[in-house]
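Chain by chain, the residues run as shown.
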Amino acid sequence: MSRPAAHPDAMNRGSMNQGAMNRDALRRGLIDRAVLRAEWTKFRTVRGWVAGTVAAVLLIVALAMLLAGGSHTSCSNGPVEVACPALPIGPGGQAVTDRFYFAHRELTGDGTLTVRVASMSGIITYPPPDHDEIVPGLVPWAKAGIIVKQSLRVGAPYAAVMLTGKQGVHMQDDFVHDTPGPAGARWLRLARSGDAITGYASADGIRWTAIDTVRLQGLPRTVRIGMFVTSPSDLSVSRNSLGGSITQARFTQASATFDHVTPGGPWSRDEVGGHEGMTDWERYHRANGVSESGGTVTVTGTGDIAPRMDAVKPEVSLTGVAPGLIVLVVVAVTFVTAEYRRGLIRTTLLATPGRGRVLAAKAVVAGAVAFAAGLVAAAVALALGTKMLTAGGNQVLPVSALTEVRVVVGAAALLAACAVTALALGALSRRGMVAVTAAIAVIIVPWTLATASILPDEAARWLLCLTPAAGFAALQAIPAYPQVVAHYAPADGYYPLPPWAGLAVSFGYAALALAFALVRLRRADA
Amino acid sequence: MTGELRAGLRAELTKLRTTPAPAWLLAAIVALTVGAGAAATAVGGSPGTDTPRLALTGVQLGQAAAVMFGISVISGEYATGLIRTTFTAMPRRASVLAAKAGLVAGLGLAAGALAVLGSLLAATLAPPGGGAPALSLADGATLRAAIGSALYLTLMAVFGLGVGAAVQDAATAAGVALGVPYLLTIVMTVVNDQDLGRLLYRISPMSAGLTVQMTTDLSASPIGPWAGLGVLAAWAAAALAGGGLLVLVRDA
């Protein structure tokens, strides 16, 4: 494009005016209500942009309905297909596994129990590499210790201090809380005072270290106290070429001998959680139970006391966020580039002193529209999807209302950050195609590479820390628990950054792109 | 007819040669593919790693440039109105599109071959750690992955041309041409139903097309390597046919 050569005086005047305007713009701030209204009017009166935004919302909701509606699960009870049982729920509202062998008695009011774990052993059935024999050994989170539990009901509140297979002494309560204890300890003690339970550990039974004090809300006066043993399945994970992973779980069992039990027996015995789902071999080969001789008690058990993760994650219903994001990217980019294509940008910049304000107003409009669209779409998709999944017999991991709100707002924030990034890329390149492709290349490509089992786990984690795709962490509803062995990889929906940090990365990129766009807009001719 | 096609090819080549964007986009195909592949390889593998596939991971990023190249060849003319001059000079619109398709395929293949060679060279010079098996072009499967990846980039560029012809607006075309393959891949990874997942894998241009890069676990793949590339070819042909039809019946 050729421009008439300006008279030097005119150029000087022009730059002086420009300077005055910039100072003026600074005084009045980057956000100007009139400019904002002008940009909003442009947005809402162009049919394509409104249609694109509506299409993004519909896409997100439609994909949730499609995926949830097409998903049916039933459990087999022998040869009969039956509805899957409801997931046991812990005091925190999470789905839990609560299965262990328990030598217990009543504890009324305050009191303590002290034991020494004299020995701990176990078996693991058919582990890799050959999967051909039963070997002696303990999985890392096999647990043997003492526990105070409200009742024998599955999911009842508890606090426990335990020796683990390979992780030393830990204190845990209410399925999700875990505190490591001192190294080398074998003596364990629990002390109840009201609804406060304190766990202690010691290497010699003389010098004790308090691990933690937890409060079990509403603990009745009479509770169960005693020794327990449990042992979770041995896991190995292989990749699925279609995405995600295939987890193999193998039966394990642990035994522990407790001595110096003070105060001593007698003990009632129960298998909390029952032995539902166990094969006959697993039940009788070396039966779970309790044996007492002299002052020592040997408990054998299998199962786990932990949060449960092997059910449908609620954020499956938000799969449409990524495709919806692509549509919003196109809308946000063309919101800028269409002005360049039509030459309208010159009129816009003429009408608005301070170019930064135009860009700021456009960013606010694009970001706000994406946020509002995301909020509506994610809220409907999550609610509808969860309802349809449950109706299809799927076990959906429950999350608190607060988590649901966090995920929905997070999805909306992710869409807003990406829309602003796309808009800034549009202002930078001024070409719709380049900006759309660039936005997809920095947001959707890394996310797909990381979550669709294409890259190795480690590379996938790096991508989700360093690229604008980090914000997808906001969609993760179920946290990773260090005390539960699972495949915590992006391919299985576990992000390396916490939700707020991931969103911060995405917004950081949006701010950076916007800053570059601002510099370009101020320096270059329109 | 052949004379007209030759003239059309020469005209299109002149347009591509004398504007800076196509050269940049072709360079971007090579740079993005090699760069992303080298980055993925640098993170390392494990003894079970499919090394050729890891080395060619960059195709995932390079395909964005390939699609852009295909779109730009037609949408640039729609944006500037040059398309009317083109159609005035060459009233047979099908010939114009055929010439464009031929050029996109030829140049895309050249860039794709360079990109693949560069990626393999990078992975040979800096092999992935972690006990990943070494790369050897003498291996039949590796050679197939290499040739297939170059063809994949070519077909993606042709797919972009077809979508660009159909949609006209470059930004929307980029959204459609990249969005549809990603949509299918994303849905595929989350569907609960194994059969539906395998079906989506087989019909998705990206998943099926990239099967050609796999050298291990091929038995677990829902589709064979060349058949997978055939799926992408079908998508490209369909896009081109659909776009061509719209170009014929629509006012320029």
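What you are looking at is a predicted structure, and each value in this text was computed from that prediction instead of being measured. (Residues numbered from 1 in each chain as written. Chains lettered and ligands numbered in written order. Predicted model: local features only at pLDDT ≥ 70, side-chain atom pairs only at ≥ 80, totals over all residues. Heavy atoms only, no water.)

S.K.: How would you explain the overall build of chain B if you had to name every residue and give the values?
M.R.: On a plain count of helices and strands, chain B comes out with 11 helices and 0 strands. Scanning chain B from its N terminus toward the C terminus, one meets helices and strands in the order α-α-α-α-α-α-α-α-α-α-α. Taking 18 Å as the expected radius of gyration for a compact globule of 252 residues, we find that chain B reaches 19 Å, a close match to that expectation. On the principal axes, the C-alpha backbone points of chain B span a range of 60 × 40 × 30 Å. When burial is assessed residue by residue, chain B has 52% of its 252 residues classed as buried. Across chain B, every contact between residues at least 6 apart in sequence was considered, and the portion connecting residues at least 24 apart equals 76%. (Helix = DSSP H or I, 4+ residues; strand = E, 2+ residues; numbered from the N terminus. Rg over C-alpha atoms; globule rule 2.2 N^0.38 Å. Buried < 20%, exposed > 50% of the residue type's maximum accessible area, 1.4 Å probe, protein only. Contact = heavy atoms within 4.5 Å.)

S.K.: How would you explain the environment of Leu-216 of chain A if you had to name every residue and give the values?
M.R.: Inspection of the secondary structure assignment puts Leu-216 of chain A in the loop between β13 (209-215) and β14 (222-230). Taking C-alpha positions, Leu-216 of chain A is 7.6 Å from Ile-197 of chain A, a pair spaced 19 residues apart along the chain.

S.K.: Provide a residue-level description of the side chain of Lys-42 of chain A, including the pertinent values.
M.R.: Residue and element names in this part refer to chain A. With respect to the element layout, Lys-42 can be found in helix α2 (residues 33-45). Given a relative accessible area of 19%, Lys-42 falls into the buried group. Beyond its immediate sequence surroundings of up to four residues, Lys-42 is in contact with Trp-49, Phe-335, Glu-339, Leu-344, Thr-348 and Lys-362.

S.K.: Got a sec to walk through the sheet that holds β14 of chain A? Specific residues and values, please.
M.R.: Residue and element names in this part refer to chain A. With antiparallel pairing, 7 strands are arranged side by side in an open sheet as β10-β9-β8-β7-β14-β4-β18. This sheet does not close on itself; its edge strands, each paired only once, are β10 (177-180) and β18 (268-272). Going across the sheet, the axis of each strand differs from the next one's by a mean of 25°, ignoring polarity. Examined bridge by bridge, strand β7 (residues 143-149) and β14 share 7 bridges and lie antiparallel to one another. Looking across to β14, one finds that Ala-144 is bridged to Val-229. (Pairing = 2+ DSSP bridges. Axes fitted to C-alpha atoms, helices over the stretch in contact; angles between N-to-C directions.)

S.K.: Quick rundown of α2 of chain A? Include the residues and the values.
M.R.: Residues and elements named next belong to chain A. Spanning 13 residues, α2 covers 18 Å between terminal C-alpha atoms, matching the ideal 18 Å at 1.5 Å per step. Buried within α2 are the following residues: Val-35, Glu-39, Lys-42 and Phe-43. The buried residues of α2 occupy an angular sector of 95° when the element is viewed end-on, so they sit on one face. Summarising the geometry of α2, the exposed residues directed more than 90 degrees from the buried face are Arg-33, Arg-37 and Thr-45. For α2, the capping residue at the N-terminal end is Asp-32, with a side-chain oxygen 2.9 Å from the backbone nitrogen of Ala-34. (Expected span 1.5 Å × (residues − 1). Arc of directions from axis to C-beta. Polar contact = N/O pair within 3.5 Å; in protein donor to acceptor, adjacent residues only side chain to side chain.)

S.K.: Can you explain unusual backbone geometry? Please cite residues and give values.
M.R.: Put simply, Thr-262 of chain A and Pro-263 of chain A share a cis peptide bond, and its omega is -10°. Of note, the phi angle at His-260 of chain A is positive, near 50°, even though the residue is not glycine. When you line up the elements, His-260 of chain A lands in strand β17 (residues 252-262). The residue Gln-168 of chain B is not glycine, and still its phi comes out positive at about 70°. Tracing the chain through its elements places Gln-168 of chain B in the loop between α7 (140-167) and α8 (170-190).

S.K.: Mind laying out the confidence of the model for chain B, listing which residues take part and the relevant values?
M.R.: Atomic detail in the predicted coordinates should be set aside for any region of low pLDDT. On average, chain B scores 88 in pLDDT, and the residues at 70 or more come to 98%. In the model of chain B, helix α1 (residues 2-18) of chain B stands out as the element of lowest mean pLDDT, 81, in contrast to α7 of chain B, which has the highest, 94. (pLDDT = per-residue confidence, 0-100.)

S.K.: Give a description of the confidence of the model for chain A that names residues and reports values.
M.R.: Residues and elements named next belong to chain A. Residues at a pLDDT of 70 or more form 93% of chain A, whose mean pLDDT is 87. At the level of individual helices and strands, chain A shows its lowest average pLDDT in helix α1 (residues 8-28), which scores 45, and its highest in helix α8 (residues 401-429), which scores 96. Note that pLDDT drops below 50 for residues 1-22; the model gives that stretch 5 contacts with residues more than four away or on any other chain.

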